[in-house]
Each structure stands twice: as structure tokens, then as C-alpha cells.
Amino acid sequence: MLCSHAVGAIRARGGIMQGLGLTSLTFGHAAGMLLTVMWVGVAGLLVSWIIVGGRILRFGEHLRPSAVAAWIGPLVFAGPLMSRDVYSYLMQGTLTRDGFNPYHDGAASNPGPLLYEVSPDWRNTTTPYGPLHLGIGDAITSITGDNITAGVLAYKALSLISVGIMAWAVVQLARHFGARPAVALWLGVFNPLSIIHLIGGMHNENIMMACVLVAIVLTVKYRPAWGFAGAALIGVGVAIKATAFIAVPFMVWMMVSRFGGNRFFTLLWTGVVSVVAMLASLAGLTVVTSQTWGWVAEVTGNTKVINPLALPSFIASTLAPVLSRFNDDITFNAILAVVRPATAIAMVIAMVAVWLIYRKDEITALKGMTIAYLVTCVLNSVTLPWYYTAPLALIALWAKDRRVIYVTAVLSMWMCMMFDGGGNNRLYELWWVIGLAVAIGWVVMVTLGYRPGLPPAKTDTWYLRCSASGDFIESPSPAPGASPREPGDHAGRLPDDLAENHRR
């Protein structure tokens, strides 16, 4: 917690450290030492998380509340970590509160204490977020005024509630789709990437994904017609961030599967009703929050962020040093101007293709939804680590292939180390990027008892899914004619005490 206030996304003026007379810890040698402490703390979170994951996967243990509390507890009263976005959220709230139009006016239009906390890159930038995002910011800043600390704490409380809703929804979906709730929670919700960025960074993906996950619960757990209520809830998510809408086409496939009948006819009418329900809730929130539809034009306006997590930036940064040697006119920006439109077209084509391919049943549609969110993360013009929390929340609900779980664990842990406390990326420090990738890959292999490429007999058995009776299913499955191994050797049926813990 101390590190977040000293070397996190610290305040430019005022703040807790100044109030305590500890500003000397925010710069110089003291800040350097605390930055090291911060990285040790993050590494401790990662190691603890993967060790707990090993116990869950290899021995069938459940995710203990004490572990979750140990991971989240230090962030409850921590300052913003690895991003200054929450200050922009508050600034956008003050613009709305004071009668400005955030879709037309940037932060600099409303000078005040909050303006100093907004990153200089965003002071003249309009917001790409929906009307509910602005309505929440308006409500918070109307209560907290210009008290930035109180505003941050309000967003922290909202983040904790949103992640709690995500956890509830993931448990419901895990039970429905035959996944182990402990695995789904461990990998999808209480993943360190989600903990650091959805709770520590307070990014609005937490509210968006809470809406998406609950919408999927409504679509698959209750009467088929409840799927339209889910579509309306997606409208609430879109009113926070536009990418929530990606879930709707796949929820329509889920409804088609549940309603039955002629698939083409069912697709048409459920699709139309779902879109109408989503747009109706979005329009209602736009009216209630006294906002406009200006955000639609701003969704694609954010192109300032450059980092290799986005494929267009990766391609441009890789080719520019080489091609510029042959022609000085081939600069990074020149390449980016060509690549970004191409990847945008590829993204649309890929999402349509995924929707057409993944349509068979509910779980197939869920896979398609996950892949569609991944496509937007990779091919989008701008990508940041917390964007990946959307597919991350879904992947453990359907994944049976251990390679998928292994790669997800490695990449999510690696991404946690790619941005420093203040939000600056370290993706251009190759020794850091490559060294951590190798180290994390090894740690995950050791703790999970699995190495890609080895024969299944030489790796530990995992318990990813459950049968209808509640018994855990071995992954990989026993060979034909072989019986499940004994409990001490990671058997298919757990000892009674562990099975009972799981059912709880």
C-alpha cells in the first residue's frame, strides 16, 4: 500500500503522502528503493497465485477466501497502480457535473485541482466512454467535490463491488458449463492481471465485464426469454465501454440453441429483439444521464497510445528500424498509417468469421465470444494490459486443453510486469521482457506440474472440469481400459473432504 502512494500513479499535487509529511519517499533514492519493494510485492503476488493454482489444478483443492483476501487486501486502500486513468475518470465526471460536454471538451476546458492529475497526453482529448461512465463520474464528483482522495476511494469501492459481481457470475457459469468454479475463479477473476488492473488500477472494464457475465448468466441459466434481459444488460455495459457489445452476437447463438426450431428463423427474430433490447437500454441511460450520442464518434479516436501489445504498433516498431535504412521516408508513423487500417479491416473480418464458425451450441458460442474479445485485443489500434481481462474472465469456463491454461497463466503473469507503478510500459526493454518470459514460463511449469510437449503420462493430472454428479474429471483422460489413479496419485474421484469443500 505504501508503495502505491510513493511510486504508483502518484498525485502531482497534494495527496496522502503530502498530508503525512512523507513526500521525501516519492522521489530520489527512497523512491528507487520503494520501486524495488513494489516489484518484489508484485512478484510475491504472482508466485502466491501460481502456487495456489497448482494446488487447485493438481490436487483438486478449492480457492480459499483467505488467499483471495491476501491478494486483494493490500489494494483496498492503495492508490492507483500502473495507470492514471482513474484521475481522467474523475476529470470527466467534473466536466459533466459542471455543464461541459466531455465528447466535445477535453479536461483542459475545466481547470481545477483534478487537471494536474490527468496525464498531459489526455488533457485535450475527449472521452470515448459511454453515457453511464459519465453519469457515474458525475455522481461521484457531485458527492466528493474536488477531494481527489475521496473520489479515488469511491472508484475503489465500485471496483471491489464489480469484481465481486464478476466472481458470483463466473461461479454460476462454471456450474452450468461443467467447469470447476475454483479453477474459473482462480484463472478468470482473481488472476493477478485482473487484481492489479481492475482493483489496483480501477479500470472501467470491471463494470463492463460484470454486466457481460451477468448477461450470459441470464441467457443460459434461466428461461430462454431471459436472454433478452441479458441483451438489455449488455446495453448497460456498452453505456460504460463500447466493447461490451461483442458479447451480443454470441448470446444470440446461445438463445438460438435454447429456443430450438428453425435455426435461421430463430436467429433472425432473436437477433432483432436482442439488438432492440440493447439499444433501448442504452438509449434510456443516455436520456437518464443527460448525455448525447457523441461517444459513438469518439470510440475510434484514441490512437495516441503506442506499445507492442497492439499488433499494428508491434509491426511498425519491428519494420521501421530496418526499412528506414533503405528509405528515410519509411518512418514508424508512415508504416503505422498503413498497418492500422489493414488490421482494423482484418479485425472486422475475423470477428464475423468467428461468429459464423462458433455457433453450434452454448459452450461453442462462449468459445467464440472469448476468441472475439482476443481478436479485438490483438488487432486493435490500441491495446493495454487490462483489455485482456475480458477474454480472461471467460476462458476457464470452457477450456479443456491444458496448453490453453498454461499459456494463459504465463501471459497474464508476464503482462503484470510490463507496466511500472506510474503506468509507463517496459515493453521496449528486451532484457526485461525476454528474461521475465523465460523465468515465468519455468515457474509455471514447475508449480503446475506440466510442460507443453511432454507425453501426458509424464505430467501431473489436472482437474479442470466436473461431471454432473460432482466428481472431478481428469485431464488428460485416462487411457482406454485404464482406471483412474488413486487419490494419493491424483485420482479422478477426490477424497471426501476435498469433494465436499468443492461442492460448497
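Note that the coordinates shown come from a computational prediction; the quantities given were computed from them, not determined experimentally.

Participant: Quick one: what's the story with the nonpolar core, residue by residue and with numbers?
Facilitator: Nonpolar side chains tend to gather and get buried jointly when the protein is soluble and globular. Residues Trp71, Trp186 and Phe190 are the most contacted members of the largest nonpolar core, which totals 150 residues. Each of domain 1 (1-305 + 384-456) and domain 2 (306-383) accounts for three or more of the residues forming this core. The contacts of Phe190, once residues within four sequence positions are left out, are Trp49, Leu63, Val68, Trp71, Ile72, Val163, Ala167, Leu185 and Ile195. Listed in part, the 5 residues of the second largest apolar core include Ala320, Ile335, Leu336 and Val339.

Participant: Residue-level account of the pairing of strand β1 (residues 462-466), with values.
Facilitator: The side chains of a regular strand alternate, residue by residue, between the two faces of the sheet. Burial analysis of β1 places 5 of its 5 residues in the buried class, the great majority of the element. Where β1 and strand β2 (residues 472-475) come together, 4 bridges link them in antiparallel fashion. Its bridge partner being in β2, Trp462 is matched across the sheet by Ser475.

Participant: How would you sum up the packing of aromatic side chains? Please name residues and give values.
Facilitator: Scanning the entire structure with this criterion turns up 15 aromatic pairs. For the pair Phe228 and Trp269, a centre-to-centre distance of 5.8 Å together with 50° between the ring planes defines the contact as tilted. Placement of the pair is Phe228 in helix α11 (residues 226-238) and Trp269 in helix α13 (residues 263-288), with a sequence separation of 41 residues. What makes Phe228 buried here is its relative accessible area of 14%. Seen in terms of ring centroids, Trp386 and Phe419 are 6.5 Å apart; in terms of plane orientation they differ by 65°. Their pairing is edge-to-face. Of the two residues, Trp386 is situated in the loop between α17 (362-379) and α18 (389-395) and Phe419 in the loop between α19 (402-416) and α20 (430-448); the sequence distance between them amounts to 33 residues. Like Phe419, Trp386 is buried. An aromatic cluster is built from Trp39, Trp431 and Trp432, whose rings are joined through pairwise contacts. The ring of Tyr116 carries the charged tip of Arg13 above its face, separated from the ring centre by 3.8 Å.

Participant: Requested: an account of the environment of Ser194, with residues and values cited.
Facilitator: Mapped onto the elements of the fold, Ser194 is located in helix α9 (residues 192-200). When the C-alpha atoms of Ser194 and Ser83 are compared, they prove to be 13 Å apart, with 111 residues separating the residues in sequence. The contacts of Ser194, once residues within four sequence positions are left out, are Gly188, Val189, Ile199, Thr389 and Leu392.

Participant: Give me a nonpolar patch on the surface: which residues, what numbers.
Facilitator: Together, Phe259, Phe265, Trp269 and Val273 make up an exposed nonpolar region whose accessible area comes to about 350 Å². No other element matches the 3 residues that α13 contributes to the nonpolar patch. Checked against the element boundaries, Phe259 lands in helix α12 (residues 247-259).

Participant: Any details on the domain arrangement of the chain? Residues and values, ideally.
Facilitator: Taken domain by domain, the chain holds domain 1 (1-305 + 384-456) and domain 2 (306-383). Measuring from the centre of the C-alpha atoms in domain 1 to the corresponding centre in domain 2 gives 21 Å. Contacts between domain 1 and domain 2 engage 37 residues on the former and 31 residues on the latter. When domain 1 packs against domain 2, close to 3,200 Å² is buried across both sides, 74% of that on carbon and sulfur atoms. It is Phe250, Trp253 and Trp398 in domain 1 that bury the most area against domain 2; as a group they hold 22% of the surface buried on that side. Counting the contacts that link domain 1 with domain 2 gives 1 salt bridge. Between Glu362 and Arg258 there is a salt bridge, with its nearest N and O atoms 3.7 Å apart. Where domain 1 packs against domain 2, one counts 7 residue pairs in polar contact (both at pLDDT 80 or more). The dominant element in the side of domain 1 that touches domain 2, judged by the number of residues it contributes, is α12, at 8 residues.

Participant: Explain the environment of Val375 to me, using residue names and the numbers behind them.
Facilitator: Here Val375 shows up in helix α17. As a C-alpha pair, Val375 and Ala350 span 25 residues in sequence and 7.3 Å in three-dimensional space. Apart from the residues lying within four places of it in its own chain, the contact partners of Val375 are Met347, Ala350, Met351 and Asn380.

Participant: Tell me about the side chain of His203, and name the residues and values.
Facilitator: Examined against the element boundaries, His203 turns out to sit in the loop between α9 and α10 (205-221). For His203, a relative accessible area of 0% corresponds to the buried category. Within polar-contact distance, the side chain of His203 engages the side chain of Asp85 at 3.5 Å. In contact with His203, other than residues within four places in its own chain, are Ser83, Asp85, Tyr89, His197, Leu198 and Trp386.

Participant: Can you tell me about the confidence of the model for the chain, naming the residues and giving the values?
Facilitator: This prediction gives the chain a mean pLDDT of 90; 93% of its residues lie at or above 70. Counted against residues more than four places away or in other chains, residues 486-504, with its pLDDT under 50, gives 38 contacts.

Participant: Give me the lowdown on α11, citing residues and values where you can.
Facilitator: The end-to-end C-alpha distance of α11, which contains 13 residues, comes to 19 Å, matching closely the 18 Å that a straight helix rising 1.5 Å per residue would cover. Of all the positions in α11, only Gly227, Phe228, Gly230, Ala231, Ile234, Gly235, Gly237 and Val238 are classed as buried. Each buried residue of α11 sits inside an arc of 160° when the element is viewed along its axis, so together they form one side. Looking at the buried side of α11, the elements it contacts are α10, α12, α13 and α14 (295-298).

Procedures and definitions
Residues numbered from 1 in each chain as written. Predicted model: local features only at pLDDT ≥ 70, side-chain atom pairs only at ≥ 80, totals over all residues. Heavy atoms only, no water. Core = buried A, V, L, I, M, F, W, Y, C linked by side-chain atoms within 4.5 Å. Buried < 20%, exposed > 50% of the residue type's maximum accessible area, 1.4 Å probe, protein only. Domains from an automatic or database assignment. Contact = heavy atoms within 4.5 Å. Helix = DSSP H or I, 4+ residues; strand = E, 2+ residues; numbered from the N terminus. Pairing = 2+ DSSP bridges. Phe/Tyr/Trp six-rings, centres within 6.5 Å; stacked < 30°, edge-to-face > 60°. Lys NZ or Arg CZ within 6 Å of the ring centre and 35° of its normal. Patch = residues over 30% accessible without salt bridge, like charges linked within 9 Å, V, L, I, M, F, W, Y side chains within 5 Å. Areas by Shrake-Rupley, 256 points an atom, 1.4 Å probe, with all protein chains shown as cover. Salt bridge = Lys/Arg side-chain N within 4 Å of Asp/Glu carboxyl O. Buried area = accessible area lost by both parts, 1.4 Å probe. Polar contact = N/O pair within 3.5 Å; in protein donor to acceptor, adjacent residues only side chain to side chain. pLDDT = per-residue confidence, 0-100. Expected span 1.5 Å × (residues − 1). Arc of directions from axis to C-beta.

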